[in-house]
Amino acid sequence: MSTVRRRPAGLLALGLALLASAPALQLEGQAFSDAGARRAAAGVDSVFVARTAARTVIPGGDFGSYLITRLGVAPIPPDLGLRVAVDSDRIVLSGRVRDLPAETRQALGTLLFMVPLATPIAGDITLTRPAQGLVRFRLAAARVGGIPVPEAMLRAAFQQVGRQYRGLGASGRDVYLHIPPDGNVDLVTGGVRLTRSQT
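Residues numbered from 1 in each chain as written. Predicted model: local features only at pLDDT ≥ 70, side-chain atom pairs only at ≥ 80, totals over all residues. Heavy atoms only, no water.

## Topic: the side chain of Thr119
Quick reminder of the rule: Strands here mean DSSP runs of E at least two residues long; helices mean DSSP runs of H or I at least four residues long; both are numbered from the N terminus. Remark: exposure states derive from per-residue accessible area (1.4 Å probe, protein chains only) relative to the maximum for the residue type, with buried under 20%, exposed over 50%, and partly exposed in between. Pairs of N or O atoms within 3.5 Å make up the polar contacts considered here, provided that, within protein, one atom can donate a hydrogen while the other can accept it, and that residues adjacent in sequence are counted only when both atoms are side-chain atoms. Only heavy atoms enter the contact rule, under which two residues are in contact if any of them lie within 4.5 Å.
Summarising the element assignment, Thr119 is placed in the loop between helix H4 (102–108) and strand E5 (120–131). Under the relative-accessibility criterion, Thr119 is labelled buried at 13%. Separated by 2.8 Å, the side chain of Thr119 and the backbone oxygen of Pro116 make a polar contact. Excluding residues within four positions of it along the chain, Thr119 makes contact with Gly95, Arg96, Val97, Val144 and Gly145.

## Let's talk about the packing of helix H2 (residues 34–49) against helix H3 (residues 60–70)
Defined as follows: To get an axis, a line is fitted to the C-alpha atoms, and for a helix only the part in contact is used. The angle between two axes follows their N-to-C directions and goes from 0 to 180 degrees. Roughly parallel means an angle under 35 degrees; roughly antiparallel, over 145; roughly perpendicular, 65 to 115; everything else is oblique.
Here H2 crosses H3 at 90°, and the two axes come no closer than 7 Å. As summarised for this structure, H2 and H3 are arranged roughly perpendicular, according to the angle between their axes. Residue-level inspection shows Gly36, Ala37, Arg39, Ala40, Ala41 and Val44 of H2 in contact with H3, the latter providing Asp62, Phe63, Ser65, Tyr66 and Thr69.

## Looking at unusual backbone geometry
Not every positive phi belongs to a glycine, and Arg51 is a case in point at roughly 60°. In this structure, Met114 is a non-glycine residue whose phi angle is positive, near 70°. With respect to the secondary-structure elements, Met114 resides in the loop between H4 and E5. Classification of Met114 as exposed rests on a relative accessible area of 68%.

And the structure:
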């Protein structure tokens with residue numbers, strides 16, 4: 001159902017994604033978990049595969065867990081302390097540098113070089129529909145400790161990631177999911193809504 005293949009680089013992709021930021025959501029975030037990933041997968045299956053339900057809303061933490069397991073992060077690291085919040089415009093991953101797994105911090109290299117562990121980080125992910133039956137989750141911008149990362153720096157970093165890990169698209173900033181032609185995915189406060197026609 002997804003064009004994303006499971007890859008060991010998922011932790012790196014997640015860490016880079018956390019550098020994207022917009023104004024913080026005033027919502028309580030939810031944690032990542034393996035149980036959440038399984039719940040989300042069951043919800044996706046019920047609407048788009050088995051078609052036993054016409055709609056479901058998957059909590060943000062569960063859906064975020066599902067996406068990163070699709071990138072190869074399974075099991076989810078116990079030291080991943082970031083939180084997931086959702087409103088109708090975006091998914092935001094938030095926390096501090098110390099909430100990233102140590103492997104991810106090391107992989108980010110100069111992007112987090114000399115950045116204190118208590119520095120806030122947040123990832124702003126938007127949802128678009130480039131074609132019928134296709135949903136794109138895209139990294140939008142970047143901030144670390146409230147300071148924007150220049151677009152040119154982001155573009156260069158993510159293009160390199162995209163060349164190495166095709167599951168993130170050529171730009172290195174996109175995750176694509178295939179859904180049925182009659183399916184739809186929307187962001188709502190607190191979660192991700194999946195719907196399909198009832199015929």
